[in-house]
Amino acid sequence: MTVVWKATDKLTLTTDLNYIREEGFNAVGGGVAQYVTYALNDWLKITGRGEVWRNNSGFFVAAFSGNLDFVRVEHGNPLGTAIGGRATTYGALPVGLAIKPLVPKELDGLVVRPEVRYDTSLNGTTRFGAGTKRSQFTFGGDIIIRSKSDDCDTSGCAKERILNQILDR
């Protein structure tokens, strides 16, 4: 369940609650994430998030030692290595920007989103660094290009509508 509250013209709060259950493996997981987005101006927003997620049985999260191991495991290749199987409570603290640069009209929906993220195991398990570390930093980002003709309201794209509220399309 996701709740979005636009507290002011510049401040948006988003709460995301998750619950997952896999009956075949008797596995349960769930968590909460709280987003805080602040518009510094028309072209720049900063978003911070606090997140806690519990994987009760160790079923839902795996680590892969090599860059291609996920694909190998997914295809049933025995050369792929997957590390999984321990109950863990994860915590994450990402901070990112949403930058809408001045661009030609054809790229009017362009958004660049760099992010730095800290992940940790809140119960002391070593779930990062191929099973050798309790925490990690990640630097990443994405680029979104939207056309003005995109209309998710008629197709029922709930996540797209939420993202648009956060980014104030």
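Rules of the game
- Residues numbered from 1 in each chain as written.
- Predicted model: local features only at pLDDT ≥ 70, side-chain atom pairs only at ≥ 80, totals over all residues.
- Heavy atoms only, no water.
- Helix = DSSP H or I, 4+ residues; strand = E, 2+ residues; numbered from the N terminus.
- Salt bridge = Lys/Arg side-chain N within 4 Å of Asp/Glu carboxyl O.
- Buried < 20%, exposed > 50% of the residue type's maximum accessible area, 1.4 Å probe, protein only.
- Patch = residues over 30% accessible without salt bridge, like charges linked within 9 Å, V, L, I, M, F, W, Y side chains within 5 Å.
- Areas by Shrake-Rupley, 256 points an atom, 1.4 Å probe, with all protein chains shown as cover.
- Pairing = 2+ DSSP bridges.
- Axes fitted to C-alpha atoms, helices over the stretch in contact; angles between N-to-C directions.
- Polar contact = N/O pair within 3.5 Å; in protein donor to acceptor, adjacent residues only side chain to side chain.
- Contact = heavy atoms within 4.5 Å.
- Phe/Tyr/Trp six-rings, centres within 6.5 Å; stacked < 30°, edge-to-face > 60°.

A. Up close: the environment of R146. Topologically, R146 is positioned in the loop between β9 (135-144) and α2 (158-167). When the C-alpha positions of R146 and L110 are compared, they lie 6.4 Å apart, and in sequence the two are 36 residues distant.

B. Focus on the pattern of salt bridges. Overall, the coordinates contain four salt bridges when judged by the stated rule. With a shortest N-O distance of 3.2 Å, R72 and D69 are connected by a salt bridge. Of the two residues, R72 and D69 are both situated in helix α1 (residues 69-74); the distance of three residues between them amounts to about one turn of the helix. What makes R72 partly exposed here is its relative accessible area of 30%. The closest approach of N and O atoms between R117 and D119, which form a salt bridge, is 2.8 Å. Since its relative accessible area comes to 9%, D119 is described here as buried.

C. Structural detail: a nonpolar patch on the surface. Nonpolar side chains collect at one region of the surface, where Y38, L40, I46, V95, L97, V116, F137 and F139 lie side by side and expose about 740 Å² of accessible area between them. Among the secondary structure elements, those contributing two or more residues to the nonpolar patch are β7 (88-99) and β9.

D. Representation of the sheet that holds strand β4 (residues 44-55) in the model. Taken in spatial order, the seven strands of this open sheet run β1-β2-β3-β4-β7-β8-β9, and their pairing is antiparallel. Here the strands that pair on one side only, and so sit at the sheet edges, are β1 (2-6) and β9. Looking at each pair of strands side by side, their axes are set apart by 15° on average, direction ignored. As paired elements, β7 and strand β8 (residues 111-121) share eight bridges and run antiparallel to each other. Looking at the pairing, P94 lines up with R117 of β8.

E. Focus on the side chain of T37. Within the element layout of this structure, T37 appears in strand β3 (residues 27-39). Looking at T37, its side chain comes within polar contact range of the side chain of T47, at 2.9 Å.

F. A look at the pairing of β7. As judged from the 10 bridges shared by β4 and β7, these two strands associate in the antiparallel manner. Counted as the bridge partner of W53 is Y90 from β7.

G. Structural context of the environment of L97. With respect to the secondary-structure elements, L97 resides in strand β7. Those residues in contact with L97 that sit more than four places away from it in its chain are L44, K45, I46, V112, R113 and P114.

H. Geometry of the packing of aromatic side chains. Overall, the coordinates contain five aromatic pairs when judged by the stated rule. Consider the rings of F59 and F60, whose centres lie 5.0 Å apart with planes at 85°: the pair is edge-to-face.

I. Representation of unusual backbone geometry within the structure. At N26, a residue that is not glycine, the phi angle is positive and equals roughly 50°. Mapped onto the elements of the fold, N26 is located in the loop between β2 (11-22) and β3. Its relative accessible area of 62% is what places N26 among the exposed residues.

J. Inspection of the environment of L68 at higher detail. You can see L68 is positioned in the loop between β5 (62-64) and α1. When its relative accessible area of 49% is taken as the criterion, L68 is described as partly exposed. Residues L68 and L79, 11 residues apart in the sequence, show an inter-C-alpha distance of 9.8 Å.

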